[in-house]
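So you can see what is in the structure, the chains are spelled out below.
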Amino acid sequence: MDWNIQTLSLLSIPLISAVVGWATNYLAVKMMFYPIEFVGIKPFLGWQGLIPAKRRQMAEIEVELVLGKLLSVEELAQRLDPDELTKAIERRLSQVIRKVVNDVMAESAPQMWAALPVQGKNLVYQRIENDIPNVVHKMMDDFQHNVSEILDIKELVVEQLVNSPELINEIFLTAGSKEFPFIVRSGLYFGFIFGLPTMLLWYFYQAWWILPLGGLLVGYATNWIAIKIIFEPKRPRKIGPFVVQGMFLKRQKEVSEVYSSIIEEKLITPKNITNIILHGSGSAQLLELIELHVNDAIERYVAIAQPYFALGVGSENYHKMKALAVQQIFDNSEKYLLYAYDYANGAMQIGQDLSLRMQALSAEEFEGVLRPAYQQDEWKLILTGALLGMAAGFMQLYLVFM
């Protein structure tokens, strides 16, 4: 009976080691992504997922290694056809322009505007609306030639991911949809394998430190080996009858497609592009561009009414009127640009191009899609796994063998 109990106790070592390997790897993966917000007492007593906690750095690395190299804002802007863009926004833009004209004239020349009959106001509206395609075309031409000053792809990506920590989690989890579950499962396999020598050593030499040390090594090694298998070797290597390659790198085509789909649908979208253009570091340049073309248009609209218009408004109010018109058209940009989202999304073809270009990356370059998720504070995860494994070894020592 005692022999049976001793045998079962010995057999429990690799089994518990397998459970420890699985549990530490599972916890390590969860700690990378969750919780999204810090839980505990700041700054040290608590935890936040490593990726959400360092999402700005993660986003910057992602742009540096992948997106910044593959997406050119100049190329994307050139795909937007001014005529098609005008068709998409023209109706809503006309409505906005009418309101802007009313507001500007009511403030700059209230008496003259109030005295103007409906037919006269309609002529003003009609003249402006007829000129909209011309103005949009000129503005788009200037935008395409100066887009790098107005739109910064790095700023767009970083700001979106900083403001949406759940999105950066989704990007890494989707890109590594096969790799993260493998890390968890592999802890079970490697934990059992590493438990066998611990069992043999314990059979011959029952020193108290053997089980805690075995648990520590299991917690450390299972994580380390799993990560190595995911990324090594980078290029296909023939070993006997087998061809081996890092499992993530082997999935380059599949990962490229799902990764690009998320980037197109949730990150580099026309809405997000519009938002960063209007509110980002390049907004001042965009305002200057609008000012140039709106002022030019106003000069042409009122030229026919000179000198009567100048007399009715006055030179000082005339300048204020132009400034107010520019600001209002800029401030109302989102109201009409949102009608261009569907067109812009189809015209830019971000997902399709990004996928093809990612598939053409070298193994070293492609590694950058997922590698940042592991490299940032990887040691913390491995150390945590090792400490948890050691704690499990102590528990096993006292609960099973004492």
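Definitions and cut-offs
- Residues numbered from 1 in each chain as written.
- Predicted model: local features only at pLDDT ≥ 70, side-chain atom pairs only at ≥ 80, totals over all residues.
- Heavy atoms only, no water.
- Helix = DSSP H or I, 4+ residues; strand = E, 2+ residues; numbered from the N terminus.
- Rg over C-alpha atoms; globule rule 2.2 N^0.38 Å.
- Buried < 20%, exposed > 50% of the residue type's maximum accessible area, 1.4 Å probe, protein only.
- Contact = heavy atoms within 4.5 Å.
- Salt bridge = Lys/Arg side-chain N within 4 Å of Asp/Glu carboxyl O.
- Phe/Tyr/Trp six-rings, centres within 6.5 Å; stacked < 30°, edge-to-face > 60°.
- Axes fitted to C-alpha atoms, helices over the stretch in contact; angles between N-to-C directions.
- Left-handed = near helix turned anticlockwise from the far one by under 90°.
- Nonpolar A, V, L, I, M, F, W, Y, C, P; charged D, E, K, R; others polar.

Caption draft 1: Structural detail: the overall build of the protein. The helix and strand tally for the protein stands at 24 helices and 4 strands. In terms of C-alpha radius of gyration, the protein reaches 32 Å, well past the compact-globule figure of 21 Å for 402 residues. Based on the C-alpha atoms only, the size of the protein along its principal axes is roughly 115 × 50 × 25 Å. Within the protein, the proportion of its 402 residues that are buried is 48%. Look at the contacts in the protein between residues 6 or more apart in sequence, and 82% of them connect residues 24 or more apart.

Caption draft 2: Seen up close, the pattern of salt bridges. The full count for this structure, using the stated rule, is 18 salt bridges. Between Arg56 and Glu159 there is a salt bridge whose closest N-O contact spans 3.5 Å. Separated by 103 residues along the polypeptide, Arg56 in helix H3 (residues 55-70) and Glu159 in helix H9 (residues 153-163) bring together distant segments of the chain. The class for Arg56 is partly exposed, based on a relative accessible area of 39%. You can call Glu159 partly exposed: its relative accessible area is 27%. Arg251 serves as the salt-bridge partner of Glu179, at 2.6 Å between the closest nitrogen and oxygen. In this pair, Glu179 is assigned in helix H11 (residues 179-204) and Arg251 in the loop between helix H13 (247-250) and helix H14 (252-267), connecting sequence segments 72 residues apart. Overall, Arg251 belongs to the buried group, its relative accessible area being 11%. Beyond isolated ion pairs, a larger network of salt bridges with shared partners links Glu75, Arg79, Asp353 and Arg357.

Caption draft 3: Expanded view of the environment of Arg300. Counting through the fold element by element, Arg300 comes out in helix H16 (residues 283-303). Between the C-alpha atom of Arg300 and that of Ser108, which follows or precedes it by 192 residues, the distance is 18 Å. Setting aside its immediate chain neighbours within four residues, Arg300 contacts Arg127, Asp131, Asn134, Val135 and Lys138.

Caption draft 4: The arrangement of the packing of aromatic side chains in detail. For the structure shown, the criterion picks out 8 aromatic pairs. Ring plane angle 10 degrees and centroid distance 5.3 Å describe the contact between Trp22 and Tyr26, whose orientation is recorded as stacked. Note that Trp22 and Tyr26 are positioned in helix H1 (residues 2-33) at a spacing of 4 residues, about one turn of the helix. Classification of Tyr26 as partly exposed rests on a relative accessible area of 36%. Judged by centre distance (5.0 Å) and plane angle (15 degrees), the rings of Phe248 and Phe366 are stacked. Of this pair, Phe248 sits in helix H13 while Phe366 sits in helix H22 (residues 363-366), and the two are 118 residues apart along the sequence.

Caption draft 5: Highlighting the packing of H11 against helix H12 (residues 210-231). Contact geometry of H11 with H12 gives a least axis separation of 8 Å together with a crossing angle of 145 degrees. You can see that H11 and H12 cross each other, and the crossing is right-handed. Of the residues in H12, those in contact with Glu179, Phe182, Ile183, Ser186, Gly187, Phe190, Gly191, Phe194, Thr198, Leu201 and Trp202 of H11 are Ile210, Leu211, Gly214, Val218, Ala221, Thr222, Asn223, Ile225, Ala226, Ile229 and Ile230. Its residues assigned to classes, the contact of H11 with H12 shows 14 nonpolar, 7 polar and 1 charged.

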